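Survey of secondary and tertiary structure
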Amino acid sequence: MGSLRLPPPDRTSVVVAADGSALAELHAEQDRELVALDRVPRVLRDAVVAVEDARFWHHGGVDVQAVGRAALENARQAGVAQGGSTITQQLAKNALVGPERTLRRKLEEASVALQLEAAYSKAQILERYLNTVYFGHGAYGVQTAARRYFAADVGELDLAQSALLAGLLRAPAHYDPYVRPDGALRRRNLVLHLMAEQGLAMADEVAAAQATPLRLAPYLPERRWRAPWFVDHVLDVVQRDPAFAALGPDPRARADLLFRGGLRIETTLDPTWQDAAERAVADTLPDPADPRAALAAVDPTTGSIRALVGGRDYYDPNDPHARFNLATDGRRQPGSTFKQLVLAVALARGHQLDERYPGGASVVLAGRPGHPQPWQVDNYQLRDFGALTLRDATALSVNVVYARLIEAVGPEAVAQLATAIVGRDIPPVRSLALGTVEVSPLEMAAVQATFAAGGVYRPPTAVLRIIDADGRVLYQRPEPTGERVMDEAAAYLATAALAGVVDRGTGQRAHLRRPMAGKTGTSEDSADAWFVGYTPDLAAAVWIGFPQARVPMAPPATRIRVEGGNWPAELFARFGLRALADVPARAFPVPAVALRTVRVDVTRNCLPNPYTPPQLVAERAYLAGTEPTRLCAEPTAPPTTDVPGAVGLPLQAALRLLQTAGFAVEQRRQFSVQLPPGYVVRQAPEPGPAQTLAGGFTVTLWVSVADRTPTVVPDVVGLGVDGARQRLEEAGFVVEAVAACPDGVPTCSGARLRPRRVWQQAPDGGAAVPTHSLVRLWAYPAG
């Protein structure tokens, strides 16, 4: 066996963020970082030799004197008090022979030790031993042990610290300094005494070291990854994507190299963005009973994944969904966020943002080949917005307009665009306009990045480079040039329309106070709520829902009725404002070709005449050849459309809706218990057919104002539900009533004797709480 060679030891790999900071250490059974012997301080080498093999530098692999001495001492103690194995024998056992304690194995161990001494120098044997021996708490090798126990590089260890590590080798659990500090201290001082006795340390140095406390680093019960869902995604991609074939031919081979090969995996994660994402999730959903959130954020210029949150707590032992990555693997219905893809296709085919579409709360479209049944589409809460432009239909997320739009452009074209970005086949069905196909937050973030990049798709990537233990580059990400998947001018015009969503539409709570665009989305059953958005520097998607099932997010399952415009939009804003805090704001670049910018009368999409009111004139971009050229007729004609319904809209959205239809608006203030400040409470005249209105076609809007002064809650127990609701609302409270029997039983006598009578309220009558507060009522069911 003269050709005997030691197998290479397992090495710990490290995953690092874009700034070089460590995110995770990857190791199989053994967490190890190799160091050369000259990096190990002399005091540590001497301490190990003193306690483990005093004659290491003189024997030939087996110390006959030590074996005899150990045998005598063990016989005297009637047990195993000393061991006779040398450092070389221990290395032979750990690396080649195995731990089995039989006579045959001990003889084999001695034989291998003699061969190792013949094949390697003493320094090489000691170096290998120090890099492979176990120190407890999952630490193999002196470098890992130094970091684990002292949070220091091995080269920084002093005499006392070196003696403590050397003392652990005989029995790491028995001498565990965190569990048995007194025993560890005695063991360390014994090592120091042996060093002095063998002339390896001066007496005064030993005395000073023996008087030194343990000085341990804080105990970490579990080595947790930073950004764990991102690290999880990195490992999944590296093992399964053919682009990483240099690490092995299949997932098993790549996993073996990842966890044993000492690799350095350099990633795209931005710690600032990641911290902003995690804080935004925690701040938006602080209650343990709240639904989960997922967030994926991408740099539009490169496709680099900068932040990824896939749930609440990756390490929660009581959560069966804790390690399911909702950001990458949680595919759910995106609702109206998919309208942006329909819009891009329509604009590329010549449709204009100022095209007007019929109103109505619902629309029924005829069947298509393969889908013969008529298709009925309803607006959210059956709201009738009246006739309005594609621009306003986007801002207000009007379903009936987008149903007509996908019918006009064809679902096949929308599916083709979606497939090009999502990277998997999307079925060509008309319901794509309402977001019925299931997608992940990372896939939706890629859609946002494509719009932000002017229609250029760059696949989301997490890994920049992988370097092996010898410094060789195994993988280098190609230059992210991207692929054009949508017309540049169409992408720009879509961005202009999607900017209206956050400026005056359903996504105002997501505004980052810089040029941005976005879209809200809520599934039909309110089980999924989204906000997706982008700036020139950031593209992100936020999803909120329950991971275990499609649970409608409304009281009592959630604290409020969750829609894309509230919690998801707020979470997006909290994330984006922090992530971009130090990034200068900039506008979306204007395409050099195919666009024309003209000043138009926004109510008629014609060129303004001298009598056009200035507030109705704005600059708008059009695809070349589609810009208006007709001068508005003079004098300005009266409105010809129905009076739109503005109740329940934010003021700016209501102004845009009415002014676009040609009406002047007069504002008045009114306190509302149903709507927050800044929303339209009522209007005059009511929505309906166009008519000549007093005051020159003026619509009066009453806008809600804040009034949060404490008010005494009326006692309504015993009243009928309707009367109780009226009394509470007149006092300034929001009311939520539930029909139920006491104690949760399905039937009760009260339902027969006192149907619809209130039997409990919260807060109780007489409590002083701010107006606008919610008062819950429990009433007996109707007989």
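Let me sum up the structure you'll find in this document.

Quick word on the overall build of the chain
The number of helices and strands found in the chain is 23 helices and 28 strands. A separation threshold of at least 6 residues defines the contact pool for the chain, and within that pool the share at least 24 residues apart is 68%. Of the roughly 34,700 Å² of accessible surface on the chain, 52% is carried by carbon and sulfur atoms.

Focus: the packing of aromatic side chains
The description of an aromatic ring pair uses the distance of the two centres, along with the angle that the planes make with each other. Per the counting criterion, the structure on display carries 11 aromatic pairs. Plain terms: the ring middles of Trp 229 and Tyr 314 are 5.7 Å apart, the flat faces sit at 90° to each other, and that makes the pair edge-to-face. Placement of Trp 229 in helix α10 (residues 228-240) and of Tyr 314 in the loop between β7 (305-309) and α13 (339-348) is noted, with a sequence separation of 85 residues between them. Each member of the pair, Trp 229 as well as Tyr 314, carries the same accessibility label: buried. Relative to Tyr 534, the ring of Phe 451 lies with its centre 6.1 Å away and its plane at 20°, an arrangement referred to as stacked. Taken together, the residues span a long stretch of sequence, with Phe 451 in helix α17 (residues 441-452) and Tyr 534 in strand β17 (residues 528-534) at a distance of 83 residues. Take Phe 451 and Tyr 534: they sit in the same class, and that class is buried. Aromatic ring contacts, followed pair by pair, group Trp 225, Trp 229, Tyr 314 and Tyr 315 into a single cluster. Looking at Lys 122, its charged tip hangs above the ring of Phe 56, at a distance of 4.5 Å from the centre.

Side note on the sheet that holds strand β25 (residues 734-739)
As summarised here, the arrangement of the three strands in space is β25-β28-β26, forming an open sheet in which the pairing is mixed. Each end of this open sheet is capped by a strand with a single partner; those strands are β25 and β26 (758-762). When strand polarity is set aside, the average angle formed by the axes of neighbouring strands in this sheet is 20°. Sheet topology note: the β26/strand β28 (residues 774-779) ladder contains four bridges and is antiparallel. Note on β28: the bridge partner recorded for Gln 761 is Leu 777. The sheet strands contacting helix α22 (residues 721-730) are β25, β26 and β28, and the helix crosses β25 at an angle near 160°.

Details of the packing of α13 against helix α15 (residues 399-409)
Closest axis-to-axis distance for the α13/α15 pair is 10 Å, and the angle between their directions is 45°. Taken together, the axes of α13 and α15 lie oblique to each other. Relative to α15, the crossing made by α13 is left-handed. Contact residues: α13 offers Lys 339, Val 342, Leu 343, Val 345 and Ala 346, while α15 offers Asn 399, Tyr 402, Leu 405, Ile 406 and Val 409.

Some thoughts on the state of the cysteines
Tallying each qualifying case throughout the model produces one disulfide. Residue pairing for Cys 741: its cysteine sulfur links by disulfide to Cys 748, the two sulfurs lying 2.2 Å apart. Sign of the S-S torsion, about -75° for the bond between Cys 741 and Cys 748, identifies this disulfide as left-handed.

Side note on helix α16 (residues 411-422)
With 12 residues, α16 should reach 16 Å at 1.5 Å per residue; the first-to-last C-alpha distance of 16 Å fits that figure. Turning to α16, its buried residues number three or more, namely Pro 411, Ala 413, Val 414, Ala 415, Leu 417, Ala 418, Ile 421 and Val 422. Considering only its buried residues, α16 is in contact with α13, α15, α17 and β12 (456-457). Just downstream of α16, Gly 423 is the residue with a positive phi angle, here 90°.

Re the side chain of Thr 450
Within the secondary structure, Thr 450 sits in helix α17. Other than its neighbours up to four places away in sequence, Thr 450 contacts Ile 421, Gly 455, Val 456, Tyr 457, Val 485 and Met 486.

Topic: the sheet that holds strand β6 (residues 292-298)
As summarised here, the arrangement of the five strands in space is β7-β6-β18-β17-β16, forming an open sheet in which the pairing is antiparallel. The open sheet has two free edges, formed respectively by β7 and β16 (517-522), since each of these has just one partner strand. Each adjacent strand pair in this sheet contributes to an overall mean axis angle of 10°, direction not counted. Contacts from α17 reach β6, β7, β17 and β18 (539-545), with the element oriented near 150° to β18.

Re the pattern of salt bridges
Taken as a whole and assessed by the stated rule, the structure comprises 27 salt bridges. Its salt-bridge partner being Asp 528, residue Arg 550 comes within 2.7 Å of it at the nearest N-O pair. Remark: Asp 528 occurs in strand β17 and Arg 550 occurs in the loop between β18 and α19 (567-579); sequence separation between them is 22 residues.

Some words on the packing of helix α1 (residues 42-52) against helix α7 (residues 159-168)
Packed helix pairs are characterised by how far apart their axes lie and by the angle those axes make with each other. Between α1 and α7, the shortest axis-to-axis distance is 8 Å and the interhelical angle comes to 40°. On the basis of the axis angle, α1 is oblique to α7. Two packed elements cross with a definite hand, and for α1 against α7 that hand is right-handed. Side by side, α1 and α7 meet where Val 43, Leu 44, Ala 47, Val 48, Val 51 and Glu 52 of the first sit next to Leu 159, Ser 162, Ala 163, Leu 165 and Ala 166 of the second.

Side note on the side chain of Thr 535
Mapped onto the elements, Thr 535 comes out in the loop between β17 and β18. The class for Thr 535 is buried, based on a relative accessible area of 0%. Those residues within four positions of Thr 535 in sequence are excluded, and the remaining contacts are Pro 300, Ala 452, Leu 512, Arg 514, Pro 515, Met 516, Leu 580 and Phe 588.

Description of unusual backbone geometry
Omega for the peptide link from Ala 684 to Pro 685 comes to 0°, which places this bond in the cis form. Looking at where Pro 685 falls in the secondary structure, it is placed in the loop between β22 (680-684) and α21 (694-697). Pro 763 follows Ala 762 through a cis peptide bond whose omega is 0°. Not every positive phi belongs to a glycine, and Ala 227 is a case in point at roughly 45°. Its relative accessible area of 6% is what places Ala 227 among the buried residues.

Here is what the cut-offs are and how they apply
- Residues numbered from 1 in each chain as written.
- Predicted model: local features only at pLDDT ≥ 70, side-chain atom pairs only at ≥ 80, totals over all residues.
- Heavy atoms only, no water.
- Helix = DSSP H or I, 4+ residues; strand = E, 2+ residues; numbered from the N terminus.
- Contact = heavy atoms within 4.5 Å.
- Areas by Shrake-Rupley, 256 points an atom, 1.4 Å probe, with all protein chains shown as cover.
- Phe/Tyr/Trp six-rings, centres within 6.5 Å; stacked < 30°, edge-to-face > 60°.
- Buried < 20%, exposed > 50% of the residue type's maximum accessible area, 1.4 Å probe, protein only.
- Lys NZ or Arg CZ within 6 Å of the ring centre and 35° of its normal.
- Pairing = 2+ DSSP bridges.
- Axes fitted to C-alpha atoms, helices over the stretch in contact; angles between N-to-C directions.
- Parallel < 35°, antiparallel > 145°, perpendicular 65-115°, else oblique.
- Left-handed = near helix turned anticlockwise from the far one by under 90°.
- Disulfide = S-S within 2.5 Å.
- Expected span 1.5 Å × (residues − 1).
- Salt bridge = Lys/Arg side-chain N within 4 Å of Asp/Glu carboxyl O.

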